[in-house]
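If you want the building blocks of each chain, they are given just below.
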Amino acid sequence: MIQPLAYIHPQAKIADNVVIEPFVTIHKDVEIGEGTWVGSNSVIMDGARIGKNCRIFPGAVVSAPPQDLKYKGEPSTVTVGDNTVIRECVTLNRGTALDKNTTTIGSNCLLMAYVHVAHDCVIGDNVIIANAVQLAGHINVYDYAFIGGTSAVHQFVEIGAHSMISGGSLVRKDVPPFTKAGREPLSYIGINSVGLRRRGYSATTINEIQEIYRIIFLKKYNITKALDIIEAEFNPTVERDEIINFVQNSQRGIMKGFGSI
């Protein structure tokens, strides 16, 4: 259903059962999947690739040009996965040729009102980003992460899967998977045990994750020594290896343990 007061470029690719409310603007190089709803006064710009059954609320701007002085107008995209909700006044900027050439939002995500996702970010599946969070460019947010409202994330930061960041945080360093982060400066405050239990992780696995992070954050070892101990004392598991790989590959360095800054 397309309201007559909406503007849709005739070359835009709109699937069946898409609902487009009045005063929506949809540009030429746009694809929208079946069952998606686009609320009034939203703007879907060139390069948008929106999946099925998404909900885009009034005032959102999807696939605006990046706010990057190095961007020279090259074609690039924003990809939004299926069943993702984009609330009021969210802004999603497309990628740049100097990096990924796309900004990616996964499936089953919730981006609450006034969230900004800058160029070349990659957001995984089942991610929740609360109101007014600001993501700079080139950020990776992995599956099931939660970022609390009004937080600001520095460019090139990595936020691990199943992690939880407290509202109002300034995220300057990488946040490893399965952790909770809070305080200022941002610090380790435990593991996201409630979230892990909700997603079916066993008590044994949760306890092992907790012990691993005690070695990393609470035992006063440097990172190299802590990882050596973990590899020696813990049998290989998916979770152990995910933590080790994340920490080893961190480019900005991981957040510190509370009291160690």
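Computed from a predicted model, the values in this text were never measured in an experiment.

**Structural notes on the environment of Asp125**
Examined against the element boundaries, Asp125 turns out to sit in the loop between strand 17 (122-123) and strand 18 (128-129). On the basis of relative accessible area, Asp125 is assigned to the partly exposed category, the value being 31%. Between the alpha carbons of Asp125 and Gly81 there is a distance of 8.1 Å; along the sequence they are 44 residues apart. A polar atom in the side chain of Asp125 sits 2.8 Å from the backbone nitrogen of Ser107.

**A word on the side chain of Arg94**
On the secondary structure map, Arg94 appears in the loop between strand 13 (91-93) and strand 14 (102-105). One buried charge, Arg94, has no salt-bridge partner; the nearest side chain with opposite charge is Asp46, at 5.9 Å. Within the structure, Arg94 has its side chain in polar contact with the backbone oxygen of Asp46 (distance 3.0 Å). At a separation of 3.4 Å, a polar atom in the side chain of Arg94 contacts the side chain of Tyr71.

**As for the pairing of strand 10 (residues 61-64)**
With two bridges connecting them, strand 7 (residues 43-44) and strand 10 associate as parallel partners. When the sheet's bridge partners are listed, Val43 is paired in strand 10 with Val61.

**Overview of the pairing of strand 26 (residues 179-182)**
Note that strand 24 (residues 164-165) and strand 26 share two bridges and pair parallel. Within strand 26, the residue paired with Ile165 across the bridge is Ala181. Relative to strand 27 (residues 187-191), strand 26 runs antiparallel, the two sharing four bridges. Residue Lys180 lies in a different strand from strand 27, and its bridge partner there is Gly190. Hairpin connection, strand 26 to strand 27: the antiparallel pair is bridged by four residues, and Arg183 has positive phi, about 65°.

**A word on the packing of aromatic side chains**
A full pass over the atoms with the stated rule returns six aromatic pairs. Ring centres of Trp37 and Phe57 lie 5.2 Å apart, and the angle between their planes is 75°; on these two criteria the pair is classed as edge-to-face. Of this pair, Trp37 sits in strand 6 (residues 37-38) while Phe57 sits in the loop between strand 9 (55-56) and strand 10; the two residues are 20 residues apart in sequence, bridging distant segments of the chain. Given a relative accessible area of 18%, Trp37 falls into the buried group. An angle of 20° between the planes, with centres 5.7 Å apart, marks the rings of Tyr213 and Phe217 as stacked. With a gap of four residues between them, Tyr213 and Phe217 both fall in helix 2 (residues 203-218), about one helical turn apart. Taken individually, Tyr213 and Phe217 each receive the classification buried, so the pair is uniform in this respect. Here the aromatic residues Tyr188, Tyr213 and Phe217 are joined through ring pairs into a cluster of three or more. The ring centre of Trp37 lies 4.8 Å from the NZ or CZ of Arg55, which sits over that ring.

**Side note on the UniProt feature "domain: UDP N-acetylglucosamine O-acyltransferase C-terminal" (unreviewed entry) in the protein**
When the UniProt feature table is mapped onto this chain, "domain: UDP N-acetylglucosamine O-acyltransferase C-terminal" (unreviewed entry) is found at residues 174-255. The distance separating the terminal C-alpha atoms of residues 174-255 is 6 Å; by composition the span is 55% helix and 11% strand.

**Quick look at the UniProt feature "domain: Mannose-1-phosphate guanyltransferase C-terminal" (unreviewed entry) in the protein**
Residues annotated in UniProt with the feature "domain: Mannose-1-phosphate guanyltransferase C-terminal" (unreviewed entry) correspond here to residues 3-56. Helix makes up 0% of residues 3-56 and strand makes up 35%, while its end C-alpha atoms are separated by 15 Å.

**Let's talk about the nonpolar core**
In this structure, Leu92, Leu135 and Ile216 are the most contacted members of the largest nonpolar core, which totals 66 residues. Elements represented by at least two residues in this core include exactly strand 8 (48-50), strand 11 (77-80), strand 27, helix 2, helix 3 (223-233) and helix 4 (238-249). With seven residues, the single largest contributor to this core is helix 2. Viewed by domain, this core spans two of them, domain 1 (7-138) and domain 2 (196-257), each represented by three or more residues.

**Describing the sheet that holds strand 13**
Spatially, 1-4-7-10-13-16-19-22-25 is the arrangement adopted by the nine strands of the open sheet, whose pairing is parallel. Each edge of the open sheet carries a strand with a single partner, namely strand 1 (7-8) and strand 25 (170-171).

Rules used in this analysis
- Residues numbered from 1 in each chain as written.
- Predicted model: local features only at pLDDT ≥ 70, side-chain atom pairs only at ≥ 80, totals over all residues.
- Heavy atoms only, no water.
- Helix = DSSP H or I, 4+ residues; strand = E, 2+ residues; numbered from the N terminus.
- Buried < 20%, exposed > 50% of the residue type's maximum accessible area, 1.4 Å probe, protein only.
- Polar contact = N/O pair within 3.5 Å; in protein donor to acceptor, adjacent residues only side chain to side chain.
- Lys, Arg positive; Asp, Glu negative; His and termini not counted.
- Salt bridge = Lys/Arg side-chain N within 4 Å of Asp/Glu carboxyl O.
- Pairing = 2+ DSSP bridges.
- Phe/Tyr/Trp six-rings, centres within 6.5 Å; stacked < 30°, edge-to-face > 60°.
- Lys NZ or Arg CZ within 6 Å of the ring centre and 35° of its normal.
- UniProt positions renumbered as here; feature names shortened; annotations may be inferred.
- Core = buried A, V, L, I, M, F, W, Y, C linked by side-chain atoms within 4.5 Å.
- Domains from an automatic or database assignment.

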